Amino acid sequence: MGSQHQRKPTARSFVQALRDKYCLDPDEGFGDGGTGFVQIMFATGPRTPRKGDKTGGKAELGHLKTAVLDHSRITHAGIPPAGLAELCPNITDLDLSTNLLSSWREALAVLTVLPKVKSVSFSFNRLHSDVNLIDTWAEPFGQRLEHVMLNGTGASWDVIKALGRHLPHLKELHLCKNDYETIDFDDTVDPAALTKLEILTLSENHIRSWQEVWKLRYLPSLQSLILSGNPLEDLVIADESNKTADDMPPETASTRDGQEQSHEISRDFPGSLTSSEAESQSEDDATDIKVDYSEIQDLVRDVLGNVTRSSLENLKKCVLEEYRSKCTPKDTQTESKDERSGEIGAKQAVDQPDSSRKDTDQSDGSAQTYDQSGTGNQILGQSEGGLLSKPRPDVRAGMTPFAQLKSLSVSDTSVCSWRDLEALQNFSKLDTLRVQGIPLLQDVSPEDRRQLFIASLPTITKLNGSRVADSEREKAERFFLRHFADKEDQPATYRLLKEKHGELSPVRQVDIRRGFNPWAEVRLVYGGRTVEEATLRTNQTIGKLKDYCAHLVKQHPSRVRLYHVARNSWEDGTSEMTELFLDSLPLSRYDLKDGDEILIDLETVRGPRWGGRRRNRVQETINGPISARSDRS
């Protein structure tokens, strides 16, 4: 086969694709007489580099800001050892979608040598998940990156969180068509990830439950969430009664999970009394010792909720050390005399007589109690096993779910309940909503559906791309009340709107077409005689009737004037006539009925005096037919 039929390479590097598209080889394309290229020389010279831009002016593609290399069969980065400072250091927008990249190593290599990139797309590159590679990448990357598109990449949530930790300015993230069924994200475990994310797109995945979306509720900067095309079945905001262990504060969840372990550990630590044992203490002991045994019990449960059974031995040592640190030197010396070794000595230290504990607390001068929020975390921090280096703070305390969310899209989902739609009122700042193509109200016209949605969403100011005016909301709320007035299953919004607007009277159904006749039998009169009895369509325009009448009298339409005389005007003798002067109006505007007459007149006199003469001649024309009709009657 000739060279012209040679197959193009199936794979190439990023640098090669960039050069092939944006660079011209000086040895090819000019001077060969057969390519048809024309060389254009610019007299202005190369771009002058900005202040502080040391490489942009010298770089071959220093002017290039946006690089689009989609469908370019790119398989690897191919970065030269010197980097890309001499080629394209100023790229800010990069599109590498629909290529053959399969490793994050190649993607990160490109981002590392393009420090000015603010927007990048790796969509539809099947990148293998490699969290360790991202976390251990030696050089900084994406320090200015704000927009990332990973549609169709299959990126796992571990990869997303790892990228979120390394991209401090990430504001917009697209994760469409990644086959997500769950959202594996917990801001308490990884609070540094996605802290500045404002726009998150999760369209066309397989997310069915709102409980998965609920995991994103504490992203501090999230303003826009797009969930279109997911089989989402509900939009119910979880309340306090439905909270899981992940929703509870650490001390609450750990207390519940450690109840059984607390009973077991209490046998090994007699000093940590249960509630029943605390109540059995004598009144004198309670007064002297001043120990809140319920707090001790909660402390034990809190500690056990954060450790495994394999760490109990270390925990015992921690509790003993904490206990001894609360004792006076005198009591510590007394304990050391009776102490044998290991756990025996520990047991004896904890099983001191009540009198000894009294003396200890009295010599201390103040009561020492265990606090859930303080002591328990300190114990874990001092453990020999190193269970936790620091107490984990509850970063969600006092935060509002989706506190900054302003825009939400749930179009083409499976939402079918008014309860789900009304739940959106819980978003304090939500004002923009897209909710098209859902099963709810599919049997209602689009105009009525919009009014019902507006009425049930009082905070929404932009629905499906259109602004909601105050007047439109007022009408929508009244329509909502009348729509559900006679229905058994009334949404919760109905009661609220009824309190606002009161009881509305039903709208009377007025048929504006009642008495309307699409046809009318009339007489066309010219020169005092009937030229034709015609059946006219009342929606026909005056202009068409004028053309027809001009044809009857063999005159130009511009000279024809038409007048309508109603039949009832003959009976009362008024002979009122109305000129049909606007050609675009239909005949129905003049209430044309059977038996009426259309008088045809010709405009013959022009000037300021023509009107009176024509009016007199028309009156003479009217007298003929009316008198004739009177004689016949």
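By convention here, each chain's residues receive numbers from 1 onward along its written sequence. Side-chain atom pairs in this predicted model are given and counted only at pLDDT of 80 or more, local residue features only at pLDDT of at least 70, and totals for whole chains, interfaces and linings cover all residues. Where side-chain values are given, they derive from all heavy atoms of the structure, hydrogens and water being excluded.

**Student:** Break down the overall build of the protein for me, with residues and values.
**Tutor:** For the purposes of this entry, the term helix denotes a DSSP run of H or I that reaches at least four residues, the term strand denotes a run of E that reaches at least two, and both are numbered from the N terminus. Counting its secondary structure elements, the protein contains 22 helices and 18 strands. The buried share among the 633 residues of the protein stands at 39%. Counting only contacts in the protein whose residues sit at least 6 apart along the sequence, the fraction spanning at least 24 positions is 75%. Per-residue and other accessible areas were derived by the Shrake-Rupley procedure at a 1.4 Å probe size, with only the shown protein chains allowed to occlude residues. With the model as given, the accessible surface of the protein reaches about 35900 Å², and the carbon-plus-sulfur share is 48%. Remark: exposure states derive from per-residue accessible area (1.4 Å probe, protein chains only) relative to the maximum for the residue type, with buried under 20%, exposed over 50%, and partly exposed in between. Two residues form a contact once any of their heavy atoms are found within 4.5 Å.

**Student:** A description of the pairing of strand β14 (residues 519-526) should follow, citing residues and the corresponding values.
**Tutor:** In regular strands, side chains alternate between the two faces of the sheet. Bridging between β14 and strand β15 (residues 529-537) involves 8 bridges; their strand directions are antiparallel. If you follow Ala520 over to β15, its bridge partner there is Leu536. Strand pairing is defined by DSSP finding a minimum of two bridges between the two strands. In textbook terms, the turn of a hairpin is the stretch between consecutive antiparallel strands, and for β14 and β15 this stretch comprises 2 residues, one of which, Gly527, has a positive phi near 65°. Bridging between β14 and strand β18 (residues 597-602) involves 4 bridges; their strand directions are parallel. Bridge pairing links Tyr526 to Ile600 in β18.

**Student:** Could you give an account of the sheet that holds β18, with specific residues and numbers?
**Tutor:** Ordered by their spatial adjacency, 5 strands build an open sheet running β15-β14-β18-β16-β17, and the pairing between neighbours is mixed. Whereas interior strands pair on both sides, the edge strands pair on one side only; in this sheet they are β15 and β17 (577-579). Taken pair by pair, the neighbouring strands of this sheet meet at an average axis angle of 30°, ignoring direction. Relative to β17, strand β16 (residues 560-565) is paired through 3 bridges, and the arrangement is antiparallel. Opposite Val565, over in β17, you have Met577 as the bridge partner. A fitted line through C-alpha atoms serves as each axis, taken over the contacting stretch for helices, and the angle formed by two N-to-C directions is quoted from 0 to 180°.

**Student:** Please give an account of the nonpolar core that cites residues and values.
**Tutor:** Of all hydrophobic cores here, the largest spans 95 residues; its most connected members are Phe14, Leu18, Trp104, Leu202, Leu225 and Phe402. Looking at this core element by element, the count peaks at 6 residues for helix α2 (residues 104-113). Discounting residues that sit within four places of it in the chain, Phe402 has contacts with Trp210, Val213, Trp214, Leu216, Arg217, Leu222, Leu225 and Phe427. Of all hydrophobic cores here, the second largest spans 20 residues; its members include Val522, Leu524, Leu587 and Ile598. Here, nonpolar core refers to any group of buried Ala, Val, Leu, Ile, Met, Phe, Trp, Tyr and Cys residues whose side-chain atoms link them within 4.5 Å.

**Student:** Describe the sheet that holds strand β7 (residues 172-174), naming the residues involved and giving the relevant values.
**Tutor:** The strand order β2-β4-β5-β6-β7-β8-β9-β10-β11-β12-β13 describes an open sheet built from 11 strands, whose pairing is mixed. Every other strand in the sheet has two partners, leaving β2 (66-68) and β13 (466-467) as the edge strands with one partner each. As paired strands, strand β10 (residues 407-409) and strand β11 (residues 432-434) are joined by 3 bridges and run parallel to one another. Each residue of the ladder has a partner; that of Ser407, found in β11, is Thr432.

**Student:** Before we move on, can you summarise α2 with the specific residues and values?
**Tutor:** Where burial is concerned, most of α2 is hidden: 7 out of the 10 residues are buried. Inspection of α2 places Trp104, Ala107, Leu108, Ala109, Val110, Leu111 and Thr112 among the buried residues, and these make up the whole buried set. Looking at the buried positions of α2, the neighbouring elements they touch are α1 (14-22), β4 (93-95), β5 (119-121), α3 (131-135) and α4 (157-166). The definition of a polar contact used here is a pair of N or O atoms within 3.5 Å, where within protein one atom must be able to donate a hydrogen and the other to accept one, and adjacent residues in sequence count solely through side-chain atom pairs. Sitting at the amino-terminal end of α2 is Ser103, which places a side-chain oxygen 3.0 Å from the backbone nitrogen of Arg105.

**Student:** Residues and numbers for the side chain of Ser13, please.
**Tutor:** Following the sequence through the fold, Ser13 ends up in strand β1 (residues 12-13). For Ser13, the side chain forms a polar contact with the main-chain nitrogen of Gln16, separated by 3.1 Å. Contacts of Ser13, omitting those with residues within four sequence positions, involve Ile74, His76, Ala77 and Gly78.

**Student:** Residue-level account of the packing of helix α18 (residues 470-484) against helix α19 (residues 492-501), with values.
**Tutor:** Running from N to C, α18 and α19 cross one another at 120°; their axes reach a closest spacing of 10 Å. Considering the relative orientation of α18 and α19, their crossing is left-handed. In this structure, α18 contributes Glu474, Glu477, Arg478, Phe480, Leu481 and Phe484 to the contact, and α19 contributes Thr493, Tyr494, Leu497, Lys498, Lys500 and His501. Residues that form the contact of α18 with α19 fall into these classes: 5 nonpolar, 2 polar and 5 charged. Crossing handedness follows the turn of the near helix against the far one: under a right angle anticlockwise gives a left-handed crossing, and clockwise gives a right-handed one. Under the scheme applied, nonpolar residues are Ala, Val, Leu, Ile, Met, Phe, Trp, Tyr, Cys and Pro; charged residues are Asp, Glu, Lys and Arg; polar residues are all the others, including Gly.

**Student:** Hey, could you go over the confidence of the model for the protein for me, with residue numbers and the actual values?
**Tutor:** Detailed conclusions should not be drawn from predicted coordinates in areas where pLDDT is low. Predicted confidence across the protein gives a mean pLDDT of 74, with 61% of residues reaching 70 or more. Counting interchain partners and residues more than four positions distant, the pLDDT-below-50 stretch residues 1-5 has 0 contacts. Per-residue pLDDT stays below 50 along residues 328-394; that stretch engages in 95 contacts with residues further than four places along the chain or on separate chains. pLDDT is a per-residue confidence score from the predictor, ranging from 0 to 100.

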